[in-house]
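In case you want the letters, here they are:
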Amino acid sequence: MFRNVIKSGTAWALERTNGHHWIATLTGSAKAPAVIGYHRVVERYTPDGWNAIPAMCISRQMLERHLDWIGRRFRFISLEELGARMQWGGRFDAPVAVVTFDDGYRDVYENAFPLLKKKGIPAAMFVCPGLVGTRRLLPHDELYLLLARAFARWKAEGRTLPRFLLNHGVWLPGLDRMARVFSDPFPAMQFLLNGLPQSELYRVIRALQREVELEEEALEPLRLMDWDMVLEMHRAGMTIGSHTRTHALLPNESRQRMEAEAAGSRVELERHLGAPVRHFAYPCGRFDKAAIDAIADAGYRYAYTTCLHHDQNYPLLTISRKLLWENSCLDSRGVFSAPILSCQLKWVYDLVVRCQQNHGCPPAGAMVYRDIPSLSAFAGRDSTRLAA
Ligand SMILES: [Zn+2]
Ligand SMILES: [Zn+2]
């Protein structure tokens, strides 16, 4: 609540004094295109967190408010146009925005796609071809739901996640110090997702499946698109990019697995789409030097992160993208606030709450986002790799 008051007050003051333009200049995002990312688009947003990760959902109504406000101040462009401008240089004559969706949830097809078509807004979607058209859930959803149910049960029995993991031979740094987060399924899910390779993660998931059961009605809303849906969106003009084969967080994986996830997903997508795939989004925004190399070697030209860090040698493979959800732009009364959305798109709050990831590419920890002309200078230097 207190944080929300500060957020609303800051947005209001910055809006009145034009201060967010100053801050945008400081973060380097003043002239940068606004690349926006969403996950699920639900009919009605429910904050209880029992059947879905709240921070991955936005209601159709709230999405429309975002898009309407952005559309009045920015020109919506496709990822193809953004990529071409970034690669070959040239300023945009007006502020531009790109809308993207991660993970390929079926509700994006059902709720966002009709809205985008009605408004004529170009958009992009990053999918995991190993999961499209299957009954499998995304690993973060399955883990989150299982943890929510396990915590509810263990609370009464006095059991804890660290003890459960140790009993199953799973250890990861910080497990002993992170005990306080292990009553809330969201930070616990993030901790495991960020710390374990996928094979270990699925070992934890299988162990949790022996503890608690997931009800079919909880699983249905989390289903992913099938290939017919993806192809229909592609034919309608949406850019389809890769999000790895199975939503693997690349820095957690071996070099071999990294390559299989990066290159394998591109081959599979191109086979289904019958068109080249040039865009990639790092799952959960996780990248490091080895992940960037794998993406470059797999032949992607553009890759998107979720923070302001970027690799100066590969600016086109570390393009900043702002993730938004239902509550991203609410004021202290819980009402949509245009000044807060404006601040979000200029990365104002990221000056305070910085990305904690060590991406291992210098200068980690610094805000070094560049605008389009400087990116184009890098593009020339990288052209041999990026043109692959
Ligand atoms: Zn994702
Ligand atoms: Zn970062």
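Residues numbered from 1 in each chain as written. Chains lettered and ligands numbered in written order. Predicted model: local features only at pLDDT ≥ 70, side-chain atom pairs only at ≥ 80, totals over all residues. Heavy atoms only, no water.

A.B. asks: So what exactly am I meant to see when it comes to the coordination of the zinc ion (ligand 2) here?
C.D. replies: As a benchmark, a tetrahedral metal site with four donors has ideal angles of 109.5 degrees, while an octahedral site with six donors has ideal angles of 90 or 180 degrees. Every protein donor of the zinc ion (ligand 2) is accounted for by Cys307 (SG), His309 (ND1), Cys355 (SG) and His359 (NE2), and the metal-donor separations fall at 2.1 to 2.3 Å. Coordination at the zinc ion (ligand 2) is tetrahedral, judged from the 4 donor atoms that bind it and the angles of 96 to 120 degrees they form at the metal. Counting residues between consecutive donors of the zinc ion (ligand 2) along the chain gives the motif C-x1-H-x45-C-x3-H. Note that histidine 309 is positioned in the loop between strand E9 (302-304) and strand E10 (322-323) and histidine 359 in the loop between helix H14 (338-345) and helix H15 (372-381), a separation of 50 residues in sequence. With a relative accessible area of 8%, histidine 309 lands in the buried category. (Donors = N, O, S within 2.8 Å, 3.2 Å for Na, K, Ca; no water. Tetrahedral: all angles 85-135°; square planar, octahedral: opposite > 155°, others 65-115°. Helix = DSSP H or I, 4+ residues; strand = E, 2+ residues; numbered from the N terminus. Buried < 20%, exposed > 50% of the residue type's maximum accessible area, 1.4 Å probe, protein only.)

A.B. asks: Got a minute to help me understand the coordination of the zinc ion (ligand 1) in this structure?
C.D. replies: Distances from the zinc ion (ligand 1) to its protein donors, Asp103 (OD), His243 (NE2) and His247 (NE2), fall at 2.1 Å. Read in sequence order, the donor residues for the zinc ion (ligand 1) give the motif D-x139-H-x3-H. Here histidine 243 lies in the loop between strand E7 (239-242) and helix H12 (255-273) and aspartate 103 lies in the loop between strand E5 (96-102) and helix H5 (106-119), a separation of 140 residues in the sequence. Side by side, aspartate 103 and histidine 243 carry an identical accessibility label, which is buried.

A.B. asks: Explain the environment of serine 78 to me, please; I cannot follow it from the model alone.
C.D. replies: For serine 78, the location among the structural elements is in the loop between strand E4 (75-76) and helix H4 (79-88). Residue serine 78 is classed as buried on the basis of its relative accessible area of 19%. For serine 78 and valine 98, which are 20 residues apart along the polypeptide, the C-alpha to C-alpha distance reads 6.1 Å. Those residues in contact with serine 78 that lie beyond four places of it in its chain are Val98 and Pro122. (Contact = heavy atoms within 4.5 Å.)

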